[in-house]
Amino acid sequence: MAEQDPNQNAGDDPKALPTPETLAAAAALDIYDADGAKVKFGSLFEDQSTKTLIVIFIRHFFCGACHAYVESISSTSQAAFEESNTKVAVIGCGDHAAIRPYRETSLARSPSSSSFTFYTDPTRTLFHTLGMTYCNLDRTPAGQPTPAYLGPLGFMRRLGQALWRGPVKNPSMIGKHGNEKQNGGEFVFGPGMECRFASRMRHTEDHVPVEELLQAAGVHVH
C-alpha cells in the first residue's frame, strides 16, 4: 500500500513544470556531495548562461531499476553531451557515504562519466519541494510494457544484481541507502534559472524514457 505524503495531491500532473516560486525555493535548498559538503542546489544551474543540466532523482542507492536507468543514460557518448553543453546530476536520498560506491558501479562502463556528478538529499526536502511525493513500492502496472531501460532481465534477476551491488558488496551502507518507498524523477534545468522539463515517478519503474529526456535537454545521440 502506498505511503501517503501530506503534500501529495493524487490529481497532480507528474509532468507539470515547477512554478517560479517553487523553483526559487528548491534552488535555495542544500544537498550534499560525496564528501558530505553542502552544495546549494541552485548553484548547479542558476549562474550558467549556456549550460543545460539534466537532474535524475533516483529512489535510493540500492535500487536496481534506478541503477539500470543511470547506466542506460550514461551509455550516451561524451561527444553528445559536449555538443549540447549538457551535464547530468544524479541525486539520491541516502547518506553521502553511499555516493562513491554507487558512482563506481553505475558508471563502470560509461563513455561519458566526466559529464556526471552525484549528490544526495537525505531529508528529501528537495524531492518533496519539486513535487516528488509518490511514495510506494509499486511496479509497472499490469498491461503496461516493461520500460526499455530495464533491459531483458526479469525482476528476480535484477533484484539479485541489486543485492550484490548494494548490501552484499557494501554492507557498511546498509541503512544508509535512503528511503525505499521514495520515488524520484527527471528534470531539465537551464540555461540559467529555468526548468523546461519535469517528470515525476509514480511507481518504482517509472523513469521517463531515456530518449525523451535526452531530447528535452537537446542532446542528440550519434
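Structural notes, computed from the coordinates. (Residues numbered from 1 in each chain as written. Predicted model: local features only at pLDDT ≥ 70, side-chain atom pairs only at ≥ 80, totals over all residues. Heavy atoms only, no water.)

As for the packing of helix H2 (residues 64-73) against helix H4 (residues 99-106)
A pair of packed helices can be characterised by two numbers: the angle between their axes and the separation between those axes. In the contact formed by H2 and H4, the axes pass within 9 Å of each other and the chain directions differ by 55°. Between H2 and H4, the angle is such that the two are oblique. In this structure, H2 meets H4 at a crossing whose hand is right-handed. Across the interface between the two elements, Cys-66, His-67, Val-70 and Glu-71 from H2 touch Tyr-102, Thr-105 and Ser-106 from H4. Taken together, the residues of the contact of H2 with H4 sort by class into three nonpolar, three polar and one charged. (Axes fitted to C-alpha atoms, helices over the stretch in contact; angles between N-to-C directions. Helix = DSSP H or I, 4+ residues; strand = E, 2+ residues; numbered from the N terminus. Parallel < 35°, antiparallel > 145°, perpendicular 65-115°, else oblique. Left-handed = near helix turned anticlockwise from the far one by under 90°. Contact = heavy atoms within 4.5 Å. Nonpolar A, V, L, I, M, F, W, Y, C, P; charged D, E, K, R; others polar.)

Brief notes about the packing of H2 against helix H7 (residues 210-217)
At a closest axis distance of 10 Å, the pairing of H2 and H7 adopts a crossing angle of 50°. The orientation of H2 relative to H7 falls into the category oblique. Pair H2 / H7 crosses with right-handed handedness. Contacts from Tyr-69, Ser-72 and Ile-73 of H2 reach H7 at Val-210, Leu-213 and Leu-214.

Some details on the environment of Ala-97
Mapped onto the elements of the fold, Ala-97 is located in the loop between strand S5 (86-92) and H4. Taking the C-alpha atoms as reference points, Ala-97 and Met-173, 76 residues apart in sequence, are found 7.5 Å from one another.

Details of the side chain of His-203
Structurally, His-203 is set in the loop between strand S9 (195-200) and H7. Accessibility expressed as a relative area gives 9% for His-203, which makes it buried. Apart from residues lying up to four places away in sequence, His-203 is in contact with Asn-136, Asp-138, Arg-139, Thr-140, Pro-141 and Asn-183. (Buried < 20%, exposed > 50% of the residue type's maximum accessible area, 1.4 Å probe, protein only.)

Some points on the pattern of salt bridges
Counting across every chain of the model gives six salt bridges. Residue Glu-212 is joined to Lys-15 by a salt bridge in which the shortest nitrogen-to-oxygen separation is 2.7 Å. Here Glu-212, found in helix H7, pairs with Lys-15, found in the loop between strand S1 (3-4) and helix H1 (20-27); they are 197 residues apart in sequence, far enough to count as distant. Here Lys-15 falls in the partly exposed class, since its relative accessible area comes to 39%. For the salt bridge of Asp-35 with Arg-100, the shortest nitrogen-to-oxygen distance reads 2.6 Å. Placement of Asp-35 in the loop between strand S2 (30-32) and strand S3 (38-40) and of Arg-100 in helix H4 is noted, with a sequence separation of 65 residues between them. Judged by its relative accessible area of 44%, Arg-100 is partly exposed. (Salt bridge = Lys/Arg side-chain N within 4 Å of Asp/Glu carboxyl O.)

Considering H7
Every buried residue of H7 is listed here: Val-210, Leu-213, Leu-214 and Ala-217. Taken around the axis of H7, the buried residues stretch over an arc of 95°, which confines them to a single face. In H7, those exposed residues whose orientation departs by more than 90 degrees from the buried face are Glu-211 and Gln-215. In this structure, the buried side of H7 is in contact with strand S4 (52-57), H2, helix H3 (78-83), S5, strand S8 (185-189) and S9. Count one or two residues on from H7 and you reach Gly-218, which has phi positive near 80°. (Arc of directions from axis to C-beta.)

Remarks on H4
Residues that lie three or four places apart on an α-helix share one face, since the helix turns once every 3.6 residues. The set of residues buried in H4 consists of Ile-99, Tyr-102, Thr-105 and Ser-106. The buried side chains of H4 occupy one side of the element, clustering within an arc of 140° when seen end-on.

Let's talk about the packing of aromatic side chains
Across all of its chains, the model carries 11 aromatic pairs by this definition. Judged by centre distance (4.6 Å) and plane angle (15°), the rings of Phe-45 and Phe-189 are stacked. Placement of Phe-45 in the loop between S3 and S4 and of Phe-189 in strand S8 is noted, with a sequence separation of 144 residues between them. Here Phe-45 and Phe-189 have matching classes, each one buried. Grouped by ring-pair contacts, the aromatic residues Phe-41, Phe-45, Phe-57, Phe-127, Phe-187 and Phe-189 constitute a single cluster. (Phe/Tyr/Trp six-rings, centres within 6.5 Å; stacked < 30°, edge-to-face > 60°.)

Everything listed here is a matter of geometry and, on its own, says nothing about what the molecule does.
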